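# A structural walkthrough
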Amino acid sequence: MNPFRINNFKKYSEIFHKLSKREIQILSMSRSGFTNSKIALFLNISVRTVDNYFNNAMQKHELKTYPALRAFFNFAIEDYLIETRENN
């Protein structure tokens, strides 16, 4: 399996201040194409624990489905990147 690393958690924390570092990591891995099983294997946790992190993140942002959470995560990152580019 390819190594996965987020180089700058500070930027993610600015965008997703409600989420924990682990929730950000798991959502980022999902966004990168990792399945829940591969995330669990890579982080040496159970698939159920991965699901719990997704559920916690959904509750923090008042979302009801995994696809809604993933869409929110993707759109927030894209909006941040666009905003950053426009301000430079």
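Residues numbered from 1 in each chain as written. Predicted model: local features only at pLDDT ≥ 70, side-chain atom pairs only at ≥ 80, totals over all residues. Heavy atoms only, no water.

## Details of the pattern of salt bridges
- Evaluated as defined, the whole model comprises two salt bridges.
- We note a salt bridge from lysine 60 to glutamate 23, for which the minimum N-O separation is 2.9 Å. Of the two residues, lysine 60 is situated in helix α4 (residues 47-60) and glutamate 23 in helix α2 (residues 21-31); the sequence distance between them amounts to 37 residues.
- With relative accessibility at 32%, the residue lysine 60 sits in the partly exposed group.
- In this structure, glutamate 78 engages arginine 31 in a salt bridge whose closest nitrogen and oxygen atoms are separated by 3.0 Å. Pair noted here: glutamate 78 is in helix α5 (residues 66-87) and arginine 31 is in helix α2, with a separation of 47 residues, a long-range link. (Salt bridge = Lys/Arg side-chain N within 4 Å of Asp/Glu carboxyl O. Helix = DSSP H or I, 4+ residues; strand = E, 2+ residues; numbered from the N terminus. Buried < 20%, exposed > 50% of the residue type's maximum accessible area, 1.4 Å probe, protein only.)

## As for the nonpolar core
- In terms of nonpolar packing, the biggest core is built from 20 residues, with Phe16, Leu27 and Ile39 touching the most fellow members.
- Looking at this core, the elements that each hand over two or more residues are α2, α3 (36-43), α4 and α5.
- Not counting residues within four places of it along the chain, the set of residues in contact with isoleucine 39 comprises Ile26, Met29, Ser30, Phe34 and Val50. (Core = buried A, V, L, I, M, F, W, Y, C linked by side-chain atoms within 4.5 Å. Contact = heavy atoms within 4.5 Å.)

## Brief notes about the packing of α2 against α4
- Packing of α2 against α4 leaves a shortest axis separation of 10 Å and a crossing angle of 105°. In terms of orientation, α2 and α4 fall into the roughly perpendicular class. Contacts between α2 and α4 pair Arg22, Glu23, Ile26, Leu27 and Ser30 from the former with Val50, Tyr53, Phe54, Asn56, Ala57 and Lys60 from the latter.
- Its residues placed into classes, the contact of α2 with α4 shows six nonpolar, two polar and three charged. (Axes fitted to C-alpha atoms, helices over the stretch in contact; angles between N-to-C directions. Parallel < 35°, antiparallel > 145°, perpendicular 65-115°, else oblique. Nonpolar A, V, L, I, M, F, W, Y, C, P; charged D, E, K, R; others polar.)

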